[in-house]
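Structural features, examined
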Amino acid sequence: MSEEDNKSKQGAALWRRARAQLPEDWQRLADDGAPDATLLAGYLDGRLAEDEAARLEARLAGEPALLDELLALRAALDAGAETAPATVVTRAQAAYPGRPALRAVASEKPSLLGRLLGGLVGFQLRPAVSALAAAALLLGCAGAFELGRYQAQQLDTTTQLAETGDSDVPVEFVISGL
Amino acid sequence: MGFAAAVGSDDVKTGSGGGDADLDALFQGDKAAWDRFVLHHAGVIFAAVRRRLVPAGRSADAEDVVQDVVGRLCQHDFRLLRNYDAARAKMTTWLTVVANSAAVDHLRRLRRRTEDIETQPESVLAVDPVIHETVKIPDGLLSPRQALVLELLYQRDMTPGEAAEVVGIDPQTVRSMHHKALVKLRAHFQAELGEDGP
């Protein structure tokens, strides 16, 4: 084993001391928030520009949680893919959101004139529709009330006839005639 | 029954199985292109998700988290997927990062829902912080890569070979960086002690 391979206690002590004193600029990089997927993936694939890689490495040296993430990702890539169950594949395929052209038509805004007319008509008609519905309801109630009243009167008359009328006429007949 | 999802090929330029041409087609509304994309990459997403969920005892959630990943890729007219840059990363690597992130978010949401911070012992809540001293080593004393190599060797107890794999460099370069970095730090701290000492 070469001299460079030797991880000495002194080396560990030096790094412990140094990592508590990392440059301010490196620590400020953490303020950028979590690095995006492209940056991490680019680093894992070794495709980042030198300055981008250096910025990320400065963060990795001082942010244990971020280094944990990177190591987990590296391990996942090394492990490779698994066979996805059929249900996973079919559900994912069914999640396709559809054709953008159709979605665009569905969400297309009307022209200025169309919006103006639509707004005007909508504005004019909306209260009228409510008023018509209220009037219809009122008429319906009044009709039902009148019908009820009429039927009650008829029943009253028939009952009186049955009570006071000719005994030759069977009561059942009169009532069933209603 | 399962679908084999190839990862070895990883060729985003081939136009088959999720290549650039297929991506353009699926952005244009080609359902068959989407189906091919899913068929080709479902295994990568599924594996990355499971790798996170299984140790947490949540492997049963894998299917839902894969759906979440798919939702993220599709939503807002494929905004996330359109961000993918084939020149900067392989599709499989990029999808692994996205899927890993979705799984971590899922576990975080579950933890927030189920854990009562009051019931946790202090040891669980404790984090191992990097204590930053007000005294800083001079800018340029160590390169970020040298610092990362030292972190991997000493804090993560890796061999030079393992550290080399993480950083994506030759193990011999790691050994050389390690050596040079220690020489610099030793000199720096000795000078500091010399100045501060009697």
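Being a predicted model, the structure only gives us computed values, none of them experimental.

Definitions and limits used
- Residue positions within a chain follow its written sequence, with the count starting from 1.
- Chains and ligands are labelled sequentially in the order written, the chains with letters from A and the ligands with numbers from 1.
- Reporting of local features is limited, given that this is a predicted model, to residues whose pLDDT is at least 70; pairs of side-chain atoms are given and counted only at 80 or more, and all residues count toward the totals for whole chains, interfaces and linings.
- Side-chain numbers come from the whole structure's heavy atoms, not from hydrogens or water.
- The aromatic pairing rule takes the rings of Phe, Tyr and Trp, using the six-membered ring of Trp, and pairs them if the centres are within 6.5 Å, calling planes under 30 degrees apart stacked, those over 60 edge-to-face and the rest tilted.
- Secondary structure elements are defined from DSSP: runs of H or I of at least 4 residues count as helices, runs of E of at least 2 residues count as strands, and each element is numbered from the N terminus.
- Three exposure classes are used, based on accessible area relative to the maximum for each residue type with a 1.4 Å probe and protein chains only: buried under 20%, partly exposed in between, and exposed over 50%.
- Here, a charge over a ring is recorded when the distance from Lys NZ or Arg CZ to the ring centre is within 6 Å and its angle to the ring normal is within 35 degrees.
- Per residue, pLDDT captures the predictor's confidence, and it can take any value from 0 to 100.
- Note on definitions: a residue-residue contact is assigned when non-hydrogen atoms from the two residues lie within 4.5 Å.
- A fitted line through C-alpha atoms represents every axis, and for helices the fit uses only the stretch in contact; the resulting angles, taken between N-to-C directions, go from 0 to 180 degrees.
- Handedness of a crossing follows from how the near helix is turned relative to the far one, being left-handed for an anticlockwise turn of less than a right angle and right-handed for a clockwise one.
- In this text, buried Ala, Val, Leu, Ile, Met, Phe, Trp, Tyr and Cys residues form a nonpolar core when linked through side-chain atoms within 4.5 Å.
- Throughout this description, the term salt bridge denotes a Lys or Arg side-chain nitrogen within 4 Å of a carboxyl oxygen of Asp or Glu.
- What counts as buried area is the accessible surface, traced by a 1.4 Å probe, that two parts surrender upon association, with contributions from both included.
- Distance and chemistry together define a polar contact, namely a pair of N or O atoms within 3.5 Å, with one atom able to donate a hydrogen and the other to accept it when in protein, and with adjacent residues in sequence counting only for side-chain atoms on both sides.
- Just so you know the grouping, Ala, Val, Leu, Ile, Met, Phe, Trp, Tyr, Cys and Pro go in nonpolar, Asp, Glu, Lys and Arg go in charged, and all remaining residues, Gly too, go in polar.
- Under this scheme an angle from 65 to 115 degrees is roughly perpendicular, one under 35 degrees roughly parallel, and one over 145 degrees roughly antiparallel; angles in between are oblique.

**Overview of the packing of aromatic side chains**
One pass over the structure, following the stated rule, counts 6 aromatic pairs over all chains. Judged by centre distance (5.7 Å) and plane angle (20°), the rings of Trp34(B) and Phe37(B) are stacked. In this pair, Trp34(B) and Phe37(B) are both assigned in helix H2 (residues 31-53), 3 residues apart and thus about one turn of the helix distant. A relative accessible area of 1% means that Phe37(B) is categorised as buried. Aromatic pair Tyr84(B) and Trp94(B): ring centres 5.4 Å apart, planes at 55°, arrangement tilted. Note that Tyr84(B) is positioned in the loop between helix H3 (62-83) and helix H4 (91-114) and Trp94(B) in helix H4, a separation of 10 residues in sequence. The class for Tyr84(B) is buried, based on a relative accessible area of 8%. Among the aromatic residues, those joined into a ring-pair cluster are Tyr96(A), Phe27(B), Trp34(B), Phe37(B) and Phe78(B). One residue, Arg82(B), lies across the ring of Phe27(B), its end atom 4.3 Å from the ring centre.

**Quick look at the confidence of the model for chain A**
Residue and element names in this part refer to chain A. Mean pLDDT for chain A: 75, with 63% of residues reaching 70 or above. Taking the mean pLDDT of every element in chain A, the minimum, 41, falls on helix H9 (residues 171-176) and the maximum, 96, on helix H3 (residues 37-44). Note that residues 161-178 has pLDDT below 50 and, in this model, 8 contacts with residues that lie over four places away or in other chains.

**Things to note about the packing of helix H4 (residues 50-62) of chain A against helix H6 (residues 144-155) of chain B**
Packed helices, taken two at a time, are described by the angle their axes make and the gap between the axes. Viewed as axis vectors pointing N to C, H4(A) and H6(B) meet at an angle of 35°, and their least axial separation amounts to 8 Å. You can see that H4(A) and H6(B) cross each other, and the crossing is left-handed. Listed contacts from H6(B) to Ala53(A), Ala54(A), Glu57(A), Ala58(A), Leu60(A) and Ala61(A) of H4(A) are Pro144(B), Arg145(B), Ala147(B), Leu148(B) and Glu151(B).

**Here we look at the side chain of Gln67(B)**
On the secondary structure map, Gln67(B) appears in helix H3. Setting aside its immediate chain neighbours within four residues, Gln67(B) contacts Val88(A), Arg91(A), Ala92(A) and Ala95(A).

**With respect to the nonpolar core**
Of all hydrophobic cores here, the largest spans 87 residues; its most connected members are Leu81(B) and Trp94(B). No other element matches H2(B), which puts 11 residues into this core.

**Observations regarding the environment of Gly42(A)**
Relative to the helices and strands, Gly42(A) is located in helix H3. A C-alpha to C-alpha distance of 8.9 Å links Gly42(A) and Ala53(A), two positions 11 residues apart in sequence.

**Topic: the pattern of salt bridges**
Scanning the entire structure with this criterion turns up 19 salt bridges over all chains. Residue Asp68(A) is joined to Arg156(B) by a salt bridge in which the shortest nitrogen-to-oxygen separation is 2.4 Å. Pair noted here: Asp68(A) is in helix H5 (residues 64-79) and Arg156(B) is in the loop between H6 and helix H7 (160-167), and the two residues belong to different chains. Overall, the relative accessible area of 38% leaves Asp68(A) in the partly exposed class. Across the pair Lys31(B) and Asp35(B) runs a salt bridge whose closest N-O atoms are separated by 2.6 Å. With Lys31(B) and Asp35(B) both in helix H2, this residue pair falls 4 residues apart, about one helical turn. You can call Lys31(B) partly exposed: its relative accessible area is 35%.

**Quick look at the interface of chain A and chain B**
Listed by partner, the interface residues are 76 residues for chain A and 82 residues for chain B. Between chain A and chain B, roughly 7100 Å² of surface is buried when both sides are summed, and carbon and sulfur atoms account for 59% of that area. The tally of links between chain A and chain B comes to 9 salt bridges. A salt bridge links Asp157(B) to Lys7(A), with the shortest nitrogen-to-oxygen separation between them at 3.0 Å. Where chain A touches chain B, the interface holds 30 residue pairs in polar contact (both at pLDDT 80 or more). For the side of chain A that touches chain B, the elements supplying multiple residues, two or more each, are helix H1 (9-19), helix H2 (24-28), H3, H4, H5, strand E1 (84-85), helix H6 (86-94) and helix H7 (100-107) of chain A. Taken together, the residues of the side of chain A that touches chain B break down into 41 nonpolar, 14 polar and 21 charged.

**Considering the packing of H3(B) against H4(B)**
All names here are of chain B. Remark: H3 packs on H4, axes separated minimally by 9 Å, with the N-to-C direction vectors making an angle of 120°. One finds that H3 runs oblique with respect to H4. Here H3 runs over H4; the crossing is right-handed. Contacts between H3 and H4 involve Val65, Asp68, Val69, Arg72, Leu73, Leu80 and Leu81 on the former and, on the latter, Met91, Trp94, Leu95, Val98, Ala99, Ser101, Ala102, Ala103, Asp105, His106 and Arg109. Split into classes, the residues belonging to the contact of H3 with H4 amount to 12 nonpolar, 2 polar and 4 charged.

**Quick look at the confidence of the model for chain B**
Residue and element names in this part refer to chain B. The predicted model of chain B has a mean per-residue pLDDT of 84, with 76% of residues at 70 or higher. Across residues 1-17, where pLDDT falls below 50, the model places 38 contacts with residues more than four positions away in sequence or in other chains. Among the prediction metrics, the complex's ipTM stands at 0.81, with pTM recorded as 0.69.

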